[in-house]
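Structural overview for review
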Amino acid sequence: MSEIIHATSVIATKRDGAELTTAQIDWIVDAYTRGDVAPEQMSALLMAIVLRGMDRREIGDWTRAMIDSGTRMDFSGLHRNGMALPTVDKHSTGGVGDKITLPLAPLVASFGVAVPQLSGRGLGHTGGTLDKLESIPGWRADLSTAQMVAQLSRVGAVICAAGADLAPADRKLYALRDVTGTVESVPLIASSIMSKKIAEGTGALVLDVKVGSGAFLPDEAVARRLAETMVSLGADAGVPTTALLTDMDSPLGLTAGNAVEVVESLEVLAGGGPADVVELTLALAREMLDAAGLPDADPAAALSDGTAMDTWREMITAQGGDPDAPLPRARHTDDVTATTTGYVRRLDARAVGDAAWLLGAGRSRPGESVQAGAGVVLHAKPGDRVSAGAPLYTLHTDAPARFDGARRALENAAVIVPEPPSDTRPVVLDRVRFE
């Protein structure tokens, strides 16, 4: 006799701390996506999951059900010069100044690996990869699957928006979680991220899980649990997955915004750029190349000899952008100076991200426009010496009325001490892989 399933029974099962069956999960995800389960009922279930949790089997079933709500992309037929192209993708949980995707995708692609990078837009203090790239004149984020496949075959790298038919259950569920206080749940975060990445059809996946004040999950123990959960979901789905836990207590690089981060990414592709951005780009590139079967590849050489830059130019041009066009610049700038002489011990990433958002680089709700030239340029990082009266930050915006709010956000962001700090955090904190 088949199990009779309805929304109330599913909610009560999880409310009482029991495991949801595979049949229950399949039914409720499908029914909610089709509109047969009311938002208030799904809200109750999501809160029960936040409070009661899910085991590995439940999370796997929830992830698969969201994948099955839409289409799966398939890049297994990608070829160039008669040779099959391995595919590998990277996902970051987001942070301040996290422009890594911009140099990373063309860098890895320059070794004959296909990088199908589906990215998003920023919300609040964390920036969005598509917002940064849309500051390049002519560049477009929306591509059809056929256009993606053609570009991957020809160029090797594509950075674009995910289509509406990719895990539509996740899109609908995320919008509900956002307004019901149910975002911060490891099972729900992990299944949200991995449903899209598995549905994307990549052959392997590398995760950049941020830890620190500017991260989505500031607590390292929780971030590690998320990384372990996502790595196991990838393994269970047949997608080899590795995660790096990386520092987001301080912003990445010296910029937070849109066009200002593109400028910094170009510096990295030209063989320069801030040391932390270069270090993380190379660490993730090595993981991706190893996952693609190229453990001996040297990504540092591809930055220094211009190979990665050549692929960047091809990638931008293929999506309608002009790689030689001047990038937008904010109409107004304002310096925030140091009040004392000493060494920067800490620079709060969240405060810098909030300042960039207040200047117009980010949005308060999906669909809002952003300023391409807005953002914060840093003049010192932890460990650097600063002098009283010298600039700590330069604020960029088209609306000078925004300066006061950004200044307030940065009031206590920098901790300056008399002696050089001895406890600066490494960029890469740990590596998580399936055992």
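Per an unreviewed UniProt entry, the chain goes by Pyrimidine nucleoside phosphorylase and derives from Gordonia otitidis. Within the UniProt record for the chain, the comment given under Subunit (unreviewed entry) is "Homodimer." Comment text from UniProt for the chain, heading Sequence similarities (unreviewed entry), reads "Belongs to the thymidine/pyrimidine-nucleoside phosphorylase family."

The mixed open sheet is built from four strands, whose spatial order is S3-S6-S7-S15. Each edge of the open sheet is held by one strand with a lone partner, namely strand S3 (88–92) and strand S15 (428–433). With strand direction ignored, the average angle separating the axes of adjacent strands in the sheet is 20°. When S3 meets strand S6 (residues 204–211), the two strands line up parallel, connected through five bridges. Among the inter-strand pairings, His-91 is bridged to a residue of S6, identified as Leu-207. Against the sheet, helix H10 (residues 220–236) makes contact with S6, strand S7 (241–247) and S15, and its axis sits at roughly 165° relative to S7, the strand it touches most.

Our next topic: helix H4 (residues 56–67). Along its twelve residues, H4 runs 17 Å from first to last C-alpha, staying within 8% of the 16 Å computed at 1.5 Å per residue. Those residues of H4 that sit buried are Glu-58, Ile-59, Asp-61, Trp-62, Thr-63, Ala-65, Met-66 and Ile-67. Of the surrounding secondary structure, the elements contacted by the buried residues of H4 are helix H1 (7–15), helix H2 (22–34), helix H3 (39–52), helix H8 (168–178), helix H9 (186–199) and H10. By the N-cap criterion, in which a side-chain oxygen at the helix start approaches the backbone nitrogen of a residue two or three places on, H4 is capped by Asp-55, the distance to Arg-57 being 3.2 Å.

Segmenting the chain into domains produces domain 1 (7–53), domain 2 (79–325) and domain 3 (332–417). The centre of domain 1, based on its C-alpha atoms, is set 43 Å off from the matching centre of domain 3.

Moving on, we get to unusual backbone geometry. Phi at Ala-167 is positive, roughly 45°, even though this residue is not glycine. Summarising the element assignment, Ala-167 is placed in the loop between strand S5 (157–161) and H8. Using a relative accessible area of 1% as the deciding quantity, one classes Ala-167 as buried.

Our focus in this paragraph is the pattern of salt bridges. All chains considered together, the criterion is met by 29 salt bridges. Between Asp-68 and Arg-64 there is a salt bridge; the shortest N-O distance is 3.3 Å. The exposure class of Arg-64 is partly exposed, given its relative accessible area of 27%. Note that Glu-220 is salt-bridged to Arg-224, the shortest N-O span being 3.3 Å. With Glu-220 and Arg-224 both in helix H10, this residue pair falls four residues apart, about one helical turn. Bridged by salt links that share partners, the residues Glu-19, Asp-26, Arg-57, Asp-61, Arg-64, Asp-68 and Arg-72 form one connected network.

This next bit is on the UniProt feature "domain: Pyrimidine nucleoside phosphorylase C-terminal" (unreviewed entry) in the chain. In the numbering adopted here, UniProt assigns the feature "domain: Pyrimidine nucleoside phosphorylase C-terminal" (unreviewed entry) to residues 343–417. For residues 343–417, the helix share is 27%, the strand share is 29%, and the end-to-end C-alpha distance is 5 Å.

On to the sheet that holds strand S14 (residues 414–417), then. Within the open sheet, the three strands sit side by side as S12-S10-S14. Their pairing is antiparallel. Edge positions in the open sheet fall to strand S12 (385–386) and S14, since each of these has one partner strand only.

Regular strands have side chains that alternate between both faces of the sheet. Burial analysis of strand S13 (residues 391–397) places six of its seven residues in the buried class, which makes it a mostly covered element. As paired strands, strand S9 (residues 332–337) and S13 are joined by six bridges and run antiparallel to one another. Note on S13: the bridge partner recorded for Asp-335 is Thr-394. One ladder, built from four bridges, connects strand S11 (residues 375–378) with S13; its direction is antiparallel. Bridging from a neighbouring strand, Val-377 pairs with Thr-394 of S13.

Helix length check: H9, at 14 residues, gives a terminal C-alpha distance of 20 Å against a target of 20 Å (1.5 Å per residue), a fit within 8%. Counting buried residues in H9 gives 13 out of 14 residues, a clear majority hidden from the surface.

Orientation of H1 relative to H3, taken along the N-to-C sense of each, is 15°, at an axis distance of 8 Å. Relative to H3, the element H1 lies roughly parallel. The two elements H1 and H3 cross, and the hand of that crossing is left-handed. Packed against H1, whose contacting residues are Ala-7, Thr-8, Val-10, Ile-11, Lys-14 and Arg-15, the element H3 presents Gln-41, Ala-44, Leu-45, Ala-48, Ile-49 and Arg-52 at the interface. Considered class by class, the residues forming the contact of H1 with H3 number seven nonpolar, two polar and three charged.

Further remarks concern the nonpolar core. Ranked by size, the top nonpolar core spans 72 residues in total, and within it Val-108, Trp-312, Val-376, Tyr-393 and Leu-395 carry the most contacts. Sorting elements by how many residues they give to this core places helix H12 (residues 275–291) first, with nine residues. Two domains each provide a minimum of three residues to this core, namely domain 2 (79–325) and domain 3 (332–417). Excluding anything up to four places from it in sequence, Val-108 contacts Val-88, Val-113, Val-115, Ala-285, Met-288 and Leu-289. Judged by nonpolar contacts, the second largest core, of 59 residues, contains Met-73, Leu-176, Val-186 and Val-211.

A separate point is the side chain of Lys-99. Position of Lys-99 relative to the elements: it lies in the loop between S3 and helix H5 (101–109). Polar side-chain contacts of Lys-99 include one of 2.9 Å to the backbone oxygen of Leu-252. One polar contact links the side chain of Lys-99 to the main-chain carbonyl oxygen of Thr-255, over a distance of 3.2 Å. Leave out the neighbours within four places in its chain, and Lys-99 touches Lys-132, Leu-252, Gly-253, Thr-255, Glu-261, Glu-264, Ser-265 and Val-277.

Here is what the cut-offs are and how they apply
- Residues numbered from 1 in each chain as written.
- Predicted model: local features only at pLDDT ≥ 70, side-chain atom pairs only at ≥ 80, totals over all residues.
- Heavy atoms only, no water.
- UniProt positions renumbered as here; feature names shortened; annotations may be inferred.
- Pairing = 2+ DSSP bridges.
- Helix = DSSP H or I, 4+ residues; strand = E, 2+ residues; numbered from the N terminus.
- Axes fitted to C-alpha atoms, helices over the stretch in contact; angles between N-to-C directions.
- Contact = heavy atoms within 4.5 Å.
- Expected span 1.5 Å × (residues − 1).
- Buried < 20%, exposed > 50% of the residue type's maximum accessible area, 1.4 Å probe, protein only.
- Polar contact = N/O pair within 3.5 Å; in protein donor to acceptor, adjacent residues only side chain to side chain.
- Domains from an automatic or database assignment.
- Salt bridge = Lys/Arg side-chain N within 4 Å of Asp/Glu carboxyl O.
- Parallel < 35°, antiparallel > 145°, perpendicular 65-115°, else oblique.
- Left-handed = near helix turned anticlockwise from the far one by under 90°.
- Nonpolar A, V, L, I, M, F, W, Y, C, P; charged D, E, K, R; others polar.
- Core = buried A, V, L, I, M, F, W, Y, C linked by side-chain atoms within 4.5 Å.

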